Amino acid sequence: MNVNINYTVEQIAEIIDGKLVSRNLSVPHPAYLSLDSRKISFPETTLFLAIKNKHQNANLFLDNLYDRGVRNFITDDKELDIASLLPIHNKEKGTRSASNIILVPDSIAALQKLAIYHRSQFIKNHLPVIGITGSNGKTIIKEWLYQLLGNEYSIVRSPKSFNSQIGVPLSVLNIQPENDLAIFEAGISKTNEMKNLEKIIQPTIGIFTNIGNAHDEGFKNRQQKISEKLILFRKATHLIFCADDKDLLKEIKLFKQKNKQLRLFSWGRNNDNILQIKKIKKGIGASLIEAVHQRKKVNIEIPFTDDASVQNAIHCWCSLFILDKANEKILKRFNTLFPIEMRLEIRQGINHCNIINDSYSNDFYSLNIALDFLGQQKQHKIHTVILSDILQSGIDSKKLYAEIASLVSQKKIDKIVGIGPGIFSQQKEFSSIKNNIFFKSTNEFLQHIFLSDFHEETILIKGARPFEFEKISHVLEQKVHQTVLSINLNAVAHNLKKYKEKLNPSTKIMAMVKAFSYGSGSHEIASVLEYNKVDYLAVAYADEGIELRKAGITLPIMVMNIDNSTFDSIINNNLEPEIFSFALLHEFSDYLKNSEIQDYPVHLKIDTGMHRLGFMEEEINSLCDDLKGNQFIKIKSVFSHLAASEDSAQDEFTFLQFKIFKKCCSTIENSLGYQFNKHISNTSAISRHPELQMDMVRLGIGLYGIDSNATMQKNLKNVSTLITTISQIKKIKAGETVGYGRMGKIEKDSLIAVVRIGYADGYSRRLGNGNGKMLIKNNLVPVIGNICMDMTMLDISGLKNVKEGDEVIVFGDGLSLQLLSQWAQTIPYEIMTGISQRVKRIYFEE
């Protein structure tokens, strides 16, 4: 995320206790602060803050950023030669202009100091600041307060879930003079973290949502975790909390004794609370909450029935009382609260388009995040944005849309559709984007647009709630099968990071995206991996590599199975073949010779005991003879495949394979006279055998959240969730049967649900007749009868409030892929790769 700033480099250096080691007066003062080298929109006016930790070092990208036009930097790397790193005097590239460089003791501390100073500039005008902490509900409460109060205040709030040691200062730096209410989240995972966030946020009103088990490992006990979170409110004037939690109530009373200025606003069932909850009446899709405040009966109605939503709504209600905004007009808005989408989704659209649906909120900062996500998508050359007015920004309309037009232009958007009277009146600001069209309303857009106008493009739908952009997404999204495989792209990135933490800094990663990325979608996953800087991709067949190239993937790609029919495609798409036999070596070399191509990159496969593909140990000398003088190929890597790296009982064999592999590599390297990458570690070896890392590792199923190492498995996130729906529910009497072959015998009167998934979707027939189960409303229910081609029957007897159309989890959170594969007597690989292409894939980023 890029944050607007309005300080000179000299002021920033003084604020953060930095040393201005290089100053170029011709460089404009920064207007934006960025921590992510991949998301810089305005390089010439961006101040890049380089963060270095044990897992990554942003200083490595400074030279590249300089080439892209960045001239303002903050770094804490004292070991670097600043002058040579930022090529002020670069012998290879010639003399180049100096940059503004601030050297600090610690980059994260510098960021926090800048945010503390910025927050202090708004103390005199008594800016009300709501600080929210707790285990759950922080983001929803923040967003609901924005929905409730957006018309009354110019609100600045944390983007998404920015509540960490880095996210909080970035959020606070967004405060502008026109804002008259701020809402920020604060999250911690261990002791001594909240004191930093308190100095940055300095809330006047506090909300403690609840206390749960999240991050328990970072604290001695529950009491310590509560008291640590309470530090956020040591200078606040009000604190909202639920007094029904006795542990929380006890710690807050102790905290109050040390902080006399704090007024407690408690709510709960007891009569001694400020807001006394009397009744919660839950109906169909709505809840009526009745309470007493200052001896008056009050109530709100919300369009939710779950306990978490009720609790979150009450916290918002209490906030309105403190702000003196609990009037009838605003209270009616509770009934129009809508669910908070915590993720950006990619769905299949009409005419081979992809749709990114973010149609419920629209502000400058969330737009920036959504545009970055759009920029990561390389499936289509054309990127389109359908954008509504930005409401309640507090900024002059002309200035606002000039900034948005500049941002959209910098993000290289090809087509923009503006909807709303505000953006319509300022459409001239978007003249730099040749393909633009504007409408005054959503209905006008729907009446005049032709669906054929959208073809083979990625479309971001970004709209404020009043514009009802869900109507647009409904028209543009492809209508397909109701069984859906959801793929969490954040989880893929998280899992990649966890494996990177296991590697030596110099060890490269080859990510396996074969078999449609284990059923998860090839180019979508590859885009995330390329964005997160893996070094290589590997596919099984040339066709897979070609599709990745068509999708704009530029990483080197190794193809593991080729024959002479694919040689043209390999060369034309810059793919790198695996050579595993003498016949293939000779055929490909002859092809290159006839094509007058030299030094084409290839990868040699050595068979060290897997006995699948590859050169045997006894063939290595002959292989070296064939490679000598072969000017047509260049060995990029030599690798082998471990047969049982996941099995501790086979460790002796694993190390024997490693010993053979090292010997073969040494022989080949000595014969060739040059070095190449060596790799033998797969997912299991990365987590179990760090000594086998060598130059590169191959990461496969671990990316998708599965590792045979139980310790590593705990660190991974689930990537894929397969969901279907109930098409029909029927009562079947005892003695009757269900399904083909009458295999599902009903022993007592039962309730049977028919769900929309069968073996044609990849749900194995081995899961029939009670072997498999699915998850409905957190209850496991068994399969009854044989699996059909398109349908499966479940015995839901005993479950309450289940209705046709309800979601059913086939696997995902709550029902692991590993458990499902055990029931099917197979392995997770088979289930993942067996999911049919007719099953709709939805990709999302939280």
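Residues numbered from 1 in each chain as written. Predicted model: local features only at pLDDT ≥ 70, side-chain atom pairs only at ≥ 80, totals over all residues. Heavy atoms only, no water.

**Some points on the overall build of the chain**
Check the secondary structure of the chain and you find 28 helices and 41 strands. For 846 residues, the compact-globule formula gives about 28 Å, and the C-alpha radius of gyration of the chain, at 30 Å, lands near that figure. Here the chain holds 846 residues, and 57% of them are scored as buried. Of the contacts formed within the chain by residues at least 6 apart in sequence, a portion of 68% connects residues at least 24 apart. Carbon and sulfur atoms make up 48% of the accessible area of the chain, which amounts to about 37,000 Å² in all. Here the chain contributes 102 positively and 93 negatively charged side chains, and the mean placements of these two sets differ by 7 Å. (Helix = DSSP H or I, 4+ residues; strand = E, 2+ residues; numbered from the N terminus. Rg over C-alpha atoms; globule rule 2.2 N^0.38 Å. Buried < 20%, exposed > 50% of the residue type's maximum accessible area, 1.4 Å probe, protein only. Contact = heavy atoms within 4.5 Å. Areas by Shrake-Rupley, 256 points an atom, 1.4 Å probe, with all protein chains shown as cover. Lys, Arg positive; Asp, Glu negative; His and termini not counted. Charge placed at Lys NZ, Arg CZ, Asp CG, Glu CD.)

**Overview of the sheet that holds strand β1 (residues 2-4)**
With respect to topology, six strands assemble into an open sheet ordered β1-β3-β4-β5-β8-β2, the strand pairing being mixed. Strands at the two margins of the open sheet, each flanked by one partner only, are β1 and β2 (19-22). For this sheet, the mean angle separating the axes of adjacent strands, direction not counted, is 25°. Here strand β5 (residues 72-75) runs beside strand β8 (residues 100-103); their pairing, made up of four bridges, is parallel. Note on β8: the bridge partner recorded for threonine 75 is leucine 103. (Pairing = 2+ DSSP bridges. Axes fitted to C-alpha atoms, helices over the stretch in contact; angles between N-to-C directions.)

**Focus: helix α23 (residues 620-627)**
Of all the positions in α23, only Ile620, Leu623, Cys624 and Leu627 are classed as buried. For α23, the angular spread of the buried residues around the axis is 100°, confining them to a single face. Those residues of α23 that are exposed and aimed more than 90 degrees away from the buried face are Asn621 and Asp625. Against the buried residues of α23 lie α22 (582-594), β29 (600-606), β30 (633-640) and α24 (651-672). Just beyond α23, the residue with positive phi is glycine 629, at close to 80°. (Arc of directions from axis to C-beta.)

**Quick look at the packing of aromatic side chains**
One pass over the structure, following the stated rule, counts 13 aromatic pairs. When the ring of tyrosine 7 is compared with that of tyrosine 117, the centres are 5.7 Å apart and the planes differ by 70°; the resulting orientation is edge-to-face. With tyrosine 7 in the loop between β1 and α1 (9-15) and tyrosine 117 in helix α4 (residues 107-120), this residue pair connects regions lying 110 residues apart in the sequence. Here tyrosine 7 falls in the buried class, since its relative accessible area comes to 12%. By relative accessible area, tyrosine 117 is classed as partly exposed at 33%. With 5.1 Å between their ring centres and 80° between their planes, phenylalanine 582 and phenylalanine 615 make a pair best called edge-to-face. In this pair, phenylalanine 582 sits in helix α22 while phenylalanine 615 sits in the loop between β29 and α23, placing the two residues 33 residues apart along the sequence. Judged by relative accessible area, phenylalanine 615 falls into the buried class, the value being 0%. Against the face of tyrosine 674 rests lysine 634, its NZ or CZ located 3.8 Å from the ring centre. (Phe/Tyr/Trp six-rings, centres within 6.5 Å; stacked < 30°, edge-to-face > 60°. Lys NZ or Arg CZ within 6 Å of the ring centre and 35° of its normal.)

**Considerations on the side chain of glutamine 379**
Note that glutamine 379 resides in the loop between α12 (364-376) and β20 (382-388). Ignoring any residue separated from it by four or fewer positions in sequence, one finds glutamine 379 in contact with Asn354, Thr458, His523, Glu524, Lys550 and Ala551.

**A closer look at unusual backbone geometry**
Phi is positive for glutamine 202, which is not a glycine, with a value near 45°. Note that glutamine 202 resides in the loop between α7 (194-201) and β12 (205-208).

**A look at the nonpolar core**
Membership of the largest hydrophobic core comes to 132 residues, with the highest contact counts inside it found for Ile404, Leu529, Leu537, Phe588 and Ile668. When near neighbours in sequence (up to four residues on either side) are disregarded, leucine 537 contacts Met510, Ala511, Val513, Ala526, Leu529, Leu548, Ile553, Leu555, Pro556, Ile557 and Met558. One finds Ala110, Ile226, Ala236 and Leu248 within the second-largest nonpolar core, a separate group that totals 53 residues. (Core = buried A, V, L, I, M, F, W, Y, C linked by side-chain atoms within 4.5 Å.)

**Quick notes on helix α20 (residues 542-550)**
Each full turn of the α-helix corresponds to 3.6 residues, which orients residues three or four apart in the same direction. Of the positions making up α20, those classed as buried are Ala542, Glu544, Gly545, Ile546, Leu548 and Arg549. Looking one or two residues past α20, glycine 552 carries a phi angle of roughly 90°, positive in sign.

**Considerations on the pairing of strand β19 (residues 354-358)**
β19 sits mainly inside the fold: five of its five residues count as buried. The side-chain alternation of β19 yields two buried faces, one formed by Asn354, Ile356 and Asp358 and the other by Ile355 and Asn357. Looking at chain direction, strand β18 (residues 344-348) and β19 are connected through four bridges and run antiparallel. Residue pairing for β19: glutamate 345 is matched across the bridge by asparagine 357. Between β18 and β19, which pair antiparallel and follow one another directly, the connecting turn spans five residues, one of which, asparagine 351, has a positive phi of 50°.

**What about the confidence of the model for the chain?**
On average, residues of the chain score 91 in pLDDT, and 95% of them reach the 70 mark or higher. Long-range and interchain partners of residues 84-95, a stretch whose pLDDT sits below 50, account for 22 contacts in this model, where long-range means more than four residues apart. (pLDDT = per-residue confidence, 0-100.)

**Points about the sheet that holds strand β13 (residues 238-242)**
Strand order across the open sheet formed by nine strands is β10-β11-β9-β12-β13-β14-β15-β16-β17, with mixed pairing between neighbours. Strands with a single pairing partner mark the edges of an open sheet, and in this sheet they are β10 (155-157) and β17 (296-302). Along the sheet, successive strands turn relative to each other by an average axial angle of 20°, direction set aside. Bridge count between strand β15 (residues 275-282) and strand β16 (residues 287-293): seven bridges; the pairing is antiparallel. For lysine 279, the partnering residue across the bridge sits in β16 and is glutamate 290. Running over the sheet, helix α9 (residues 246-258) touches β12, β13 and β14 (263-268) and is turned about 165° from β13.

**Topic: the environment of isoleucine 280**
Along the chain, isoleucine 280 turns up in strand β15. When neighbours within four sequence positions are excluded, isoleucine 280 is seen to be in contact with Arg269, Leu288, Ile289 and Val310.

**Some details on the packing of α4 against α7**
Where α4 meets α7, the closest approach of the two axes is 7 Å, and the angle between their N-to-C directions is 35°. Where α4 abuts α7, its residues Gln112, Ala115, Ile116 and Arg119 lie against Asn196, Lys199, Ile200 and Ile201. The residue makeup of the contact of α4 with α7, split by class, is four nonpolar, two polar and two charged. (Nonpolar A, V, L, I, M, F, W, Y, C, P; charged D, E, K, R; others polar.)

**Digging into the environment of asparagine 490**
The topology assignment puts asparagine 490 in helix α17 (residues 489-500). Along the chain, asparagine 490 and leucine 65 lie 425 residues apart, while their C-alpha atoms are 25 Å from each other.

**Quick word on the environment of cysteine 318**
Counting through the fold element by element, cysteine 318 comes out in helix α10 (residues 307-322). As for cysteine 318 and isoleucine 240, which are separated by 78 residues in sequence, their C-alpha atoms are 6.9 Å apart. In contact with cysteine 318, other than residues within four places in its own chain, are Ile240, Phe265, Trp267 and Leu275.

**Some remarks on the pattern of salt bridges**
Applying the stated rule across the entire model yields 32 salt bridges. Here aspartate 36 ties to arginine 38 by a salt bridge, and the two come within 3.0 Å at their closest N and O atoms. Residue classification places aspartate 36 among the buried residues on the basis of a relative accessible area of 16%. The partner of arginine 347 in a salt bridge is glutamate 477, and the shortest N-O contact between them spans 3.8 Å. (Salt bridge = Lys/Arg side-chain N within 4 Å of Asp/Glu carboxyl O.)

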